[in-house]
Amino acid sequence: MTPDDPILTILACPLDKGPLTLLLPEDVLYNPRLRRRYPIVDGVPQLLPSSGERVPDEEHERLARRLTP
């Protein structure tokens, strides 16, 4: 999956239905509102609620700095 992949415009978090951000090189989709990341396995986003993982506060701060232009 790449940042310009058209599928990113339709993917949504399974919990709050909001948009997700692709993080590279980690190859995960991230929801900063809920502080949850979803893995991408063999190019397929794992978007079941149980697949999401809550990130610790320190990691969220690091990721949030990357998301801010």
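Our subject is the structure listed above.
Please read these numbers as outputs of a predicted model, since none were measured by experiment.

Caption draft 1: Geometry of the overall build of the protein chain. When helices and strands are tallied, the protein chain shows one helix and five strands. Taken from the N to the C terminus, the helices and strands of the protein chain come in the order β-β-β-β-β-α. A compact globule built from 69 residues would reach a C-alpha radius of gyration of about 11 Å, and the protein chain, at 11 Å, matches this within 12%. C-alpha atoms of the protein chain, sized along the principal axes, occupy 30 × 25 × 20 Å. The proportion of buried residues among the 69 residues of the protein chain is 32%. Considering only residue pairs separated by 6 or more positions, the protein chain has 28% of its internal contacts joining residues 24 or more positions apart. Here the protein chain has roughly 4400 Å² of accessible surface; of this, 57% comes from carbon and sulfur atoms. Taking the 9 positively charged and 11 negatively charged side chains of the protein chain as two groups, their mean positions are separated by 6 Å.

Caption draft 2: Local environment of the nonpolar core. Core analysis: the biggest nonpolar cluster contains eight residues, these being Leu8, Leu11, Cys13, Leu20, Leu22, Leu29, Tyr38 and Ile40. By size, the runner-up hydrophobic cluster in this structure holds five residues, among which are Leu23, Val28, Tyr30 and Leu63.

Caption draft 3: Fine view of unusual backbone geometry. Residue proline 25 follows leucine 24 across a cis peptide bond; omega there is 10°. Topologically, proline 25 is positioned in the loop between strand E1 (21–23) and strand E2 (28–31). A positive phi angle, near 55°, is found at aspartate 42, a position not held by glycine. Note on placement: aspartate 42 falls in the loop between strand E3 (36–41) and strand E4 (44–45).

Caption draft 4: Just the pairing of E2, in detail. Residues Val28 and Tyr30 point to one face of E2 and Leu29 and Asn31 to the other, with burial holding for every one of them. In terms of strand pairing, E1 meets E2 through three bridges, oriented antiparallel. Of the residues in E2, the one forming a bridge with threonine 21 is tyrosine 30. As paired elements, E2 and E3 share four bridges and run antiparallel to each other. When the bridges of E3 are listed, asparagine 31 appears paired with arginine 36. Counted between consecutive antiparallel strands, the loop separating E2 from E3 contains four residues, among which arginine 35 sits at a positive phi close to 60°.

Cut-offs applied
- Residue positions are given per chain, counted from 1 along the sequence in the order it is written.
- In keeping with the model being predicted, local features are shown solely for residues with a pLDDT of at least 70 and side-chain atom pairs are shown and tallied solely at 80 or more, while totals for entire chains, interfaces and linings include all residues.
- Side-chain descriptors were evaluated using all non-hydrogen atoms of the structure, hydrogens and water having been removed beforehand.
- A helix here means a DSSP run of H or I that spans at least four residues, while a strand means a run of E at least two residues long, and both kinds are numbered starting from the N terminus.
- This radius of gyration counts C-alpha atoms alone. The globule rule is 2.2 Å times how many residues there are, raised to the power 0.38.
- Only protein chains enter the accessibility calculation, which uses a 1.4 Å probe; a residue whose area is less than 20% of its type maximum is buried, one above 50% is exposed, and one in between is partly exposed.
- Should any heavy atoms of two residues lie within 4.5 Å, those residues are counted as being in contact.
- A 1.4 Å probe and the Shrake-Rupley method give the accessible areas. Residues count as covered only by the protein chains that appear here.
- In this charge count, Lys and Arg are treated as positive and Asp and Glu as negative; neither His nor the chain ends contribute.
- Taken as the charge location is NZ of Lys, CZ of Arg, CG of Asp or CD of Glu.
- Definition used in this section: a nonpolar core is a set of buried Ala, Val, Leu, Ile, Met, Phe, Trp, Tyr and Cys residues joined via side-chain atoms within 4.5 Å.
- Strand pairing is defined by DSSP finding a minimum of two bridges between the two strands.

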